[in-house]
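# Structure at a glance
Each chain, written out:
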Amino acid sequence: MHELVIEFIKKRTLSEDMELNEPLHDGVYYLEKLNDLIERLCKENEEKLVDEVPWSSMHDMYRRNYEYCCGVFGVFLIGQLPSCEALCRTAIEGSVNLHYVSLGDSMTKQIAYFKHHLATERKQNKTWKQSVEDSSYPEEAKAHHIQRISDKDNALDHYEYGLKKSLALCNVDFDAVNSKWPSIFDRFKEIGEEVGYRTIYVALCSQAHNDAEDILNKIMARITANVTGLEEAQMIEQYNFSLYLALTALDYHAFASAMYIARFGIDATEIIDLKHRITESTVKVVEHGPRLVSERIKVNEKL
């Protein structure tokens, strides 16, 4: 087991003696190797990067998504497969955001991102307040909610003020940006991943929204009379599918990281090479998964 993988496991208070199959081991290794690489490249180019206004917050976006990917593999390692799939959706969306912001005018896109968040939160505060006022809550409870809404509105105002003043110091006019933050579909489309949205992302939304698919699979395993081994086959299939999705999330993360680094004129060749290795691990899971599942299923011709 590589020392980067051991360190990842130790940080999550898991046993260093746990056995990992090759694609899982390599996935954790590539995640940690990529992070070491990104941090090294940023440190080596720090003098140039600190003069780039959008860089610091883009690096915040990178680090946030690295943490999401750590969560994906951490949850997988403790066997929480549906939770792993749900978190893959978040990690992929974070990657798409970073990739999208890395294209074209990064500063304008970031401001649109921030403005979209502020507007959404303010709208939610208004509907929250309306629901409280229309409710049958006691007056004391209503007053508590109204105060929390006011506190949140003040925090949003503080965010906006801080953004305006800090960006003005860099000669960036926050108010002058009128660009809209696009929908998640349009962000996928902008980075050339429309098919990825229609397949991977939509499939992950299924788990995140707790739809009926997993329950239906369990029901089918119980009511299919002439087939044995379905439950075990489903467990193996979910394991392999979750691992495939975890590696796919990592693949998106690696590509977004390469685009982020390249945005500032830094050579991303090492990152792209690492992405190719992630893709190879993903292919291994796809190639071997169906055979492992089919081996567990036995059909009884006699009913």
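Per chain, residue numbering runs from 1 following the sequence as it is written. The predicted origin of the model limits local features to residues at a pLDDT of at least 70 and limits the giving and counting of side-chain atom pairs to 80 or more, whereas totals for whole chains, interfaces and linings rest on all residues. The basis for every side-chain value is the complete set of non-hydrogen atoms in the structure, without hydrogens or water.

## Comments concerning the pattern of salt bridges
What counts here: Each salt bridge in this description consists of a side-chain nitrogen of Lys or Arg and a carboxyl oxygen of Asp or Glu lying within 4 Å of one another. For the purposes of this entry, the term helix denotes a DSSP run of H or I that reaches at least four residues, the term strand denotes a run of E that reaches at least two, and both are numbered from the N terminus. Each residue is placed in one exposure class: buried if its accessible area under a 1.4 Å probe, protein chains only, is under 20% of its type's maximum, exposed if it is over 50%, and partly exposed if it falls in between.
Per the stated rule, a full pass over the model turns up 12 salt bridges. Residue K275 is joined to D251 by a salt bridge in which the shortest nitrogen-to-oxygen separation is 3.1 Å. Residue K275 is found in helix α12 (residues 269-294), and its partner D251 is found in helix α11 (residues 230-263); the two are separated by 24 residues along the sequence. Neither residue differs from the other here; K275 and D251 are each classed as buried.

## Quick look at the nonpolar core
Applicable threshold: Here the nonpolar core consists of buried residues drawn from Ala, Val, Leu, Ile, Met, Phe, Trp, Tyr and Cys, with membership extended through side-chain atoms lying within 4.5 Å. Two residues qualify as a contact provided that any one of their heavy atoms is within 4.5 Å of a heavy atom in the partner residue.
In terms of nonpolar packing, the biggest core is built from 67 residues, with F73, Y260, I261 and I271 touching the most fellow members. In terms of residues, this core owes the most to one element, α11, which gives 12 residues. Discounting residues that sit within four places of it in the chain, Y260 has contacts with I38, C42, W55, M58, H59, Y62, L98 and S102. Within the second largest apolar cluster, 8 residues are counted, among which are M107, L118, V172 and V177.

## Topic: helix α9 (residues 194-208)
As a reminder of what qualifies: A helix is expected to span 1.5 Å multiplied by its residue count minus one. Bending is quantified residue by residue as the angle between axes fitted to the seven-residue window ending at that residue and the seven-residue window starting at it.
Across its 15 residues, α9 extends 20 Å between first and last C-alpha, which sits within 8% of the 21 Å expected from 1.5 Å per residue. At Y201, α9 is deflected by roughly 30°, the largest bend along its length. Considered for burial, the residues of α9 that qualify are G196, Y197, I200, Y201, L204, C205, S206 and Q207.

## Side note on the side chain of S102
Along the polypeptide, S102 turns up in the loop between α5 (81-101) and α6 (106-134). Those residues in contact with S102, other than ones at most four positions away along the chain, are M58, M259, Y260 and R263.

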